[in-house]
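As a plain string of letters, each chain reads:
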Amino acid sequence: MQTKRNLDFKFKNLLTLFEKLSKYKTSCVGEWDGDNCIVVRHDIDISIRKALHFARMESCHKVNSTYFIMTTAPTYNISSKENRSYLIEIFDMGFEIGLHFDPSVYRNADTKYIEDRADSEADIISDIVGERVKSISLHNASLITREFEFGKRFKEAYPYFGGIWGDKGIYVSDSRMKFPKNIYDVISKSIDCPVQLLLHPEHYSIDGDSYDRIFSKVVLDYIDDIEHTFEDNSKYDEVVGGRLKDCVRKVLNDNRGNSST
Ligand SMILES: [Zn+2]
């Protein structure tokens, strides 16, 4: 249920939000021309599978947006067979695909090294979707304190590195599963000024789960992925055979027993 300051994170409310967005002009990051509209972006921190499900709902309402994908995420490998196909499906729905970049992976490397790594990461994604990545968003941007003095070539290649404007327009996000402003009020202001809206697909679920349940379900999906990866192994039926979740539960129980002794 929508409250004055917040939106709960159930799919049915997300669909209402998409319905509302569809009544306004929306743009992906890479094609924003400076006009008053809602520039919609999604940073994918945890799961491409969740992003695909979200994109299917967004696509039904013809909202334009950018999906920013990591190549250094600890929880998904963008080059895996499944994730590649998920990403291509999102791209084929008409969404822009950008790079969600985490410079902290490279610690205190100099700017030239950071440029080269961002290029390399963008190339991985460009290669998968068949179109050059031109938009980059920063992972944990609020924690980044250093300045980057990028060269001309890099600035031209990625005009929207890190964000799309300084103090122009309104920025609103669902970071930490909380909208600091009434989202519907903000959307209606896009007639008078640009609005940048950041939504994380991992935050939304049928029941409006909290972080602990969301992460637990991602882990369960991951167990299925491991099981699937192991299926062709000649020992699969004997050792795993669809019982990996049961095995994980047993290991958790055993660990609980060990820690209590
Ligand atoms: Zn992020």
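What counts as what
Residues numbered from 1 in each chain as written. Predicted model: local features only at pLDDT ≥ 70, side-chain atom pairs only at ≥ 80, totals over all residues. Buried ≥ 20, exposed ≤ 12 C-beta atoms within 10 Å, placed from the backbone. Helix = DSSP H or I, 4+ residues; strand = E, 2+ residues; numbered from the N terminus. Pairing = 2+ DSSP bridges. Right-handed = clockwise from strand over helix to strand, strands pointing away. Contact = placed C-beta atoms within 7 Å. Axes fitted to C-alpha atoms, helices over the stretch in contact; angles between N-to-C directions. Parallel < 35°, antiparallel > 145°, perpendicular 65-115°, else oblique. Left-handed = near helix turned anticlockwise from the far one by under 90°. Nonpolar A, V, L, I, M, F, W, Y, C, P; charged D, E, K, R; others polar.

## So, the pairing of strand β3 (residues 66-69)
Logical step 1: Residues Thr66 and Phe68 of β3 are buried on one face, and the alternating residues Tyr67 and Ile69, pointing to the opposite face, are buried as well.
Logical step 2: Where strand β2 (residues 38-44) meets β3, four bridges bridge the pair, whose relative direction is parallel. Bridge pairing in β3 links aspartate 43 to phenylalanine 68.
Logical step 3: Note that the unit made of β2, helix α2 (residues 48-60) and β3 has a crossover that is right-handed.
Logical step 4: For β3 and strand β4 (residues 96-101), the ladder comprises four bridges, and the chain directions are parallel. Considered in β4, the bridge of threonine 66 is made with glutamate 96.
Logical step 5: Note that the unit made of β3, helix α3 (residues 81-92) and β4 has a crossover that is right-handed.

## Regarding the environment of phenylalanine 150
Logical step 1: Mapped onto the fold, phenylalanine 150 is located in the loop between β5 (136-138) and α5 (152-157).
Logical step 2: A sequence separation of 35 residues divides phenylalanine 150 from glutamate 115, and the C-alpha atoms of the two residues are 7.3 Å apart.
Logical step 3: In this view, phenylalanine 150 contacts Thr111, Glu115, Lys155 and Phe161; residues no more than four positions away in its chain are not counted.

## Concerning the packing of α2 against α3
Logical step 1: Between α2 and α3, whose axes approach to 9 Å, the crossing angle comes to 25°. Of the possible angle classes, the one that applies to α2 and α3 is roughly parallel. In the crossing of α2 with α3, the sense of the turn from one axis to the other is left-handed. Facing α2, whose interface residues are Ile48, Arg49, Ala51, Leu52 and Ala55, α3 presents Asn83, Tyr86, Leu87, Glu89 and Ile90.
Logical step 2: For the contact of α2 with α3, the residue count by class is seven nonpolar, one polar and two charged.

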